[in-house]
Each structure stands twice: as structure tokens, then as C-alpha cells.
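Chain and residue survey
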Protein chains: 2
Amino acid sequence: MSTTVAKALSLLNFFSEVEPELGLSELARRSGLDKATVHRMLVTMCDQGLLEQRGNARLYRLGAGVLRLARIRETAFPMTSVYQNSIDVLSSTIGETAHASLISGRILATIGISESNRGSRVSLVAGEILPMHSTASGLAFLAYAKPDFVERVLSEPLKGKTARTLTDPNVIRARLQEIRLTGYAEADQTNEDDVYGIAVPVFDADGAPGGAIAVATPAHRMTNDLRTKTIAALFREVEAVSSQMGGHPPSEFLQAVTRFTQSRA
Amino acid sequence: MSTTVAKALSLLNFFSEVEPELGLSELARRSGLDKATVHRMLVTMCDQGLLEQRGNARLYRLGAGVLRLARIRETAFPMTSVYQNSIDVLSSTIGETAHASLISGRILATIGISESNRGSRVSLVAGEILPMHSTASGLAFLAYAKPDFVERVLSEPLKGKTARTLTDPNVIRARLQEIRLTGYAEADQTNEDDVYGIAVPVFDADGAPGGAIAVATPAHRMTNDLRTKTIAALFREVEAVSSQMGGHPPSEFLQAVTRFTQSRA
DNA sequence: CTCTGTGGTTCATTATTATCACCATCGGTT
DNA sequence: AACCGATGGTGATAATAATGAACCACAGAG
């Protein structure tokens, strides 16, 4: 994080669906960097198209450059379309909100959402960053991530999002071991009150986790039946996604899936 | 361009639909930067999610971070969807390939393509950067851009893409004046042989040009009839796009449109 | 009219960055 | 095998670019 490029790019993480425009002082405050420093970075990022200034207004927003880059990536390596397909299936069959996330550097980024059409449902914001330790998706990813990646995450301070969030690294390590045995991760109100999440990792061609797909349910609505139904659906879709993108889940994961399906029969 | 952040971000411009993955040495060569420098930049950009390394392979490609950023921008300020709609209409009514581009920093980036379904048609690559001086879109944009922007573009060396490319700044300035009078720009094989482009600028809420929409036709197929038909369609769509996005074309442009429609009646 | 916030600028100091040389590895040739 | 020319990647030092405090100008609130 000591490089200037990293500092500049980290400014991009402050933009979100709910705050798509930010001012100079605001960004300086949040990043902890000097106003002059931030200003220079913003100007160069505008110059490169990653950001742009709202006409007369002084606020900054994400620029057209990100649209172009995303388009290049998506035409060369279609992933959002594949994931979107699967989470659409999930939300319609389960009747709850589903979402997909991909590892982006060291953070997990939501890249697809499919909300259920029920009146009461979990609502998510596009492009949100999922905490690794408190979300089902994060835990599912961590369980299969490289050990040094896991340790880097666990060495950082783990924010308690709710009263039930796991913040003890040792407890989390034990949890990851459980997840490796079952193949899926659960987050019962550990990231947000009243939200029960179940997630499954998605793997790339090298057997490394590339992200996760998940279903988020209002906690009070979760039953044992819905739980097994959701897990089965997630396993089905992770299989579909893997085959479409040439992913190769590790044998450890495939065995867990087999155990689950056999125990149901 | 002297700042390190700009140098790092400029590396992103070497990725394209046809070359979605690039190696360290290749990027160093094209950028003219030192290998070690480029390597450090690539590592930090990977760390920030803008890039990622293809598993075991050494090549770098655009990361999931750009997908996330694009999603945030698109949900907050939907533009690609609006543009896509218009160019779909264009390509189907005219029967030729249409595309849309947005200003991204100092470059014009293709963010939407709608190819015609004819056997012989102009084919475009997604995410391509359009030269300002040799494409119809570029000229249409320049004609309404701020003078200092125009001069900055014209002060750089202008590459002759074909035998017919305009490279003399003074000739181009005169051309921009003509475009302001007519409201549309034409590029008869000035960017690519056998390609005849017609473009119209799109304006944002402040009356500044934000991009362009264009129709590209195989040059041999262009007739006076097709020409006027295309221009009329472009004017219709730029009006549609403007109203949907709250754009405000300057009076100079609106007058040119009026002159065109009256001359047809 | 002050007070406090904003976006933006300047410039001496300092810390980051660029550069060179280097190493390990791979694949094809001789 | 030995060689060659690529490749990706690494470290130390010289050179450069980043930093941060103080500074404007402006706008809205009291």
C-alpha cells in the first residue's frame, strides 16, 4: 500500500452505488491522504478516463474508461453473463435473492445480483465489497484460498459487523476447516442482522477459487428444508458455472459435494 | 503524463479485445518504460484488482475490479444501455453497423457496437480507441469540444491512417468549422480503407460533447441517398439519447439540425 | 461581516520511483 | 548438450516525482 499507484487506485473503492459521486475533501478525509495529494491523483485519473468530473459540478464520479475496460474484459472472458445466468436461476428456483462475487485483488466484489420478487427479501447494492470474514461468500472463498492469502486477511483487524460476527482468527480458521468438509459456507447474521447467507465457492481452471455464488435469505424465514434446498441448488449452479467457464474444482470440494448429495438420498 | 499514476494507468490502454492478455516484456516495450518499473506497477494494479494474472500463466489481463467499477457507474448513471438502444435502432433501420463512443479522459472509447446482419459489413472491435482526427466520431466530438482540448489534440503528431487521412492541423480546423455548420461529421476512408463513417456528437447536461454515435458503411456502398438517410437517422437518435439522459445540445448544433431537416422538406 | 466548509494551488523537503545490472527459466537451434 | 534469445522477475543506488503545510478564492450559514 506504500506505492503511490496503490494509494491512487484505492480511492476508487470509495465510490459505490449509494455514493457514486464524491468530492475532493471527502476523499481526502476517508483515505487519510492530504488534500493536495488526492487532488493530483484525481486529476490524473480523470485524464486517464477512470474518473470524470460532473460538468460544472466539482464532484468526481467513475469515468467512461471503466466501461470500456469492462467491455474488453467481458468480450474476451465472459464471466458476468455466465454468473448472471446462474444467479437468475437460483433466485427464481429458491425464491430468495442471489448474488455472485469475484475476487478482485484482495477484495471480494459483487458483480451480479438477482433479487427475488417477494415482498420481503434481502436487497443488495451493486458493486459492493464483501467482507471476507463476515459474509458467507467471503468464508467460502477463504476456505479454498491459498494459506498466505488467508493469513494476510486474518492478520488485519476484523471488524465486528453484528453481535454474531466471528472476529477471532483462530475461531475463523476452525470455521474454514468445517467449510472445506461441507463444501458450503453459512453466515447466520454475521454480516448483517436478519440476513442469513449461504455461499459456495467457484473455481477457475487452475483449481483456485475465483469467487462465490450465494443466496441471502431473511433470517427468520430460514428453515432446515430451505437450507438443504438452497445448498443443493448452489451446488448445481457452481457445477454449471464451472463447466461453462472451464473451471476445475479441487477434489476436496467435489468430495464434499458428493457427501452432501449422498446424505440426501 | 509525467506522474507515475498516469504511467501506470496508461498501461491499461494496451489491452484490447484482440489482445486481452499481455506479458511484462511486451508492456514494457510498448510503453517505453523499464521492465522493473512496469513490473512494480503491474503488481500493484493486480493487488488493487484492476488487473489479474492468469493462474499459472504469466500473462496479465484486466481484472474483476473493472467489472465492479463499471457496474457501479452503470447502475448510478445508465449510459451504455441508453446508447446501445439507439445504435440498435440505427443498425436495423439503416442496415449498416452502428457504434457509440464516450470521451474517456482524452481519448474516445467505443462503448457500444451494433453490427448489421448483412454479409458485407463493417466490423468493429469492442473497447477500441478511436483516433480523434481520422474518425467521423472523433471529428464530430472535436467540432464541439473546448478549444484548448482541440489544440492539445492537434498539437500531438497526427498519424496518417490511410492515404486520405487529414494530418494538417489547419485543414482539420477548417473541417471542424464545416462540421459545426452541418451538425454531422463524415470520414470517407480517412481512418480505414473502404470504410465510410458518418457521426453525430452527443451532448451532456452542460452542453458539452460527451461522445458520439456513428454509422460505418463499406465505402463502395455509400450513396447520396443512404447518406441523407443515415444523417437523418443519426439526428433522430441523438435527440432520443439526449432526452433520455438529460443532455442539452448547444443552440449551434440544434440550428444545424433544423437547417438539415428543412433542406430535406 | 465573520466562520466554516468547499475545491484548488504552490513549493521546499523528502521519500518514492526509475534505472541498471543481474538471476532463473523456458523453448528452439545448432 | 550447449547455446541463444527470449521471457518474468529482483535489488541497490541515483534521480525524480510525491508529499504536506500553508495558502487562495469562493460559497453558504449564522
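This report concerns the structure included in the present document. (Residues numbered from 1 in each chain as written. Chains lettered and ligands numbered in written order. Predicted model: local features only at pLDDT ≥ 70, side-chain atom pairs only at ≥ 80, totals over all residues. Heavy atoms only, no water.)

**So, the overall build of chain A**
Secondary structure assignment for chain A yields ten helices and nine strands. Taken over the C-alpha trace, chain A has a radius of gyration of 19 Å; the compact-globule value for 265 residues is 18 Å, and the two agree within 12%. Expressed along its principal axes, the backbone C-alpha trace of chain A runs to roughly 65 × 40 × 40 Å. Expressed as a percentage of the 265 residues in chain A, the buried residues total 55%. Sequence separation of 24 or more characterises 57% of the internal contacts of chain A that already satisfy a separation of 6 or more. Approximately 11,300 Å² of chain A is accessible, and the part contributed by carbon and sulfur atoms is 50%. Where the 28 positive side-chain charges of chain A centre and where its 28 negative ones centre are 3 Å apart. (Helix = DSSP H or I, 4+ residues; strand = E, 2+ residues; numbered from the N terminus. Rg over C-alpha atoms; globule rule 2.2 N^0.38 Å. Buried < 20%, exposed > 50% of the residue type's maximum accessible area, 1.4 Å probe, protein only. Contact = heavy atoms within 4.5 Å. Areas by Shrake-Rupley, 256 points an atom, 1.4 Å probe, with all protein chains shown as cover. Lys, Arg positive; Asp, Glu negative; His and termini not counted. Charge placed at Lys NZ, Arg CZ, Asp CG, Glu CD.)

**Here's the deal with the sheet that holds strand E4 (residues 97–104) of chain B**
Residue and element names in this part refer to chain B. Pairing is antiparallel across the open sheet formed by six strands, whose spatial order is E6-E5-E4-E9-E8-E7. Pairing within the sheet leaves two strands with one partner each, and these edge strands are strand E6 (129–130) and strand E7 (185–188). Bridge count between strand E8 (residues 195–203) and strand E9 (residues 209–218): nine bridges; the pairing is antiparallel. If you follow valine 200 over to E9, its bridge partner there is isoleucine 213. Docked against the sheet, helix H9 (residues 224–245) engages E7, E8 and E9, running at close to 25° with respect to E8. (Pairing = 2+ DSSP bridges. Axes fitted to C-alpha atoms, helices over the stretch in contact; angles between N-to-C directions.)

**With respect to the interface of chain B and chain A**
At the interface, 60 residues of chain B touch 60 residues of chain A. Both sides together, the interface formed by chain B and chain A hides about 5,000 Å², and carbon and sulfur atoms give 64% of it. Taken as a group, Leu67(B), Arg68(B) and Arg73(B) account for 15% of the area that chain B buries against chain A, more than any other trio of residues on that side. A salt bridge links Asp47(A) to Arg106(B); its shortest N-O distance comes to 2.6 Å. At the surface where chain B touches chain A, the tally comes to 15 residue pairs in polar contact (both at pLDDT 80 or more). Elements with a minimum of two residues in the side of chain B that touches chain A: helix H1 (4–10), helix H3 (35–47), strand E3 (60–62), helix H4 (64–76), helix H5 (80–94), E4 and strand E5 (107–114) of chain B. (Buried area = accessible area lost by both parts, 1.4 Å probe. Salt bridge = Lys/Arg side-chain N within 4 Å of Asp/Glu carboxyl O. Polar contact = N/O pair within 3.5 Å; in protein donor to acceptor, adjacent residues only side chain to side chain.)

**Quick word on the pattern of salt bridges**
Oppositely charged side chains may form a pair once their charged atoms are brought near each other. Residues and elements named next belong to chain A. Enumeration according to the criterion identifies 24 salt bridges over all chains in this entry. Between glutamate 26 and arginine 30 there is a salt bridge, and its shortest N-O distance comes to 2.9 Å. Highlighted residues: glutamate 26 and arginine 30, both in helix H2 (residues 24–31), separated by four residues, approximately one helical turn. Accessibility expressed as a relative area gives 26% for glutamate 26, which makes it partly exposed. Judged by relative accessible area, which is 35%, arginine 30 ranks as partly exposed. Arginine 173 is the partner of glutamate 151 in a salt bridge, and the nearest nitrogen-oxygen pair spans 2.9 Å. Taken together, the residues span a long stretch of sequence, with glutamate 151 in helix H7 (residues 147–155) and arginine 173 in helix H8 (residues 169–182) at a distance of 22 residues. For arginine 173, a relative accessible area of 31% corresponds to the partly exposed category. One salt-bridge network, in which partners are shared between bridges, spans Glu19, Glu26, Arg29 and Arg30.

Function-wise, these values are silent; they only describe arrangement.
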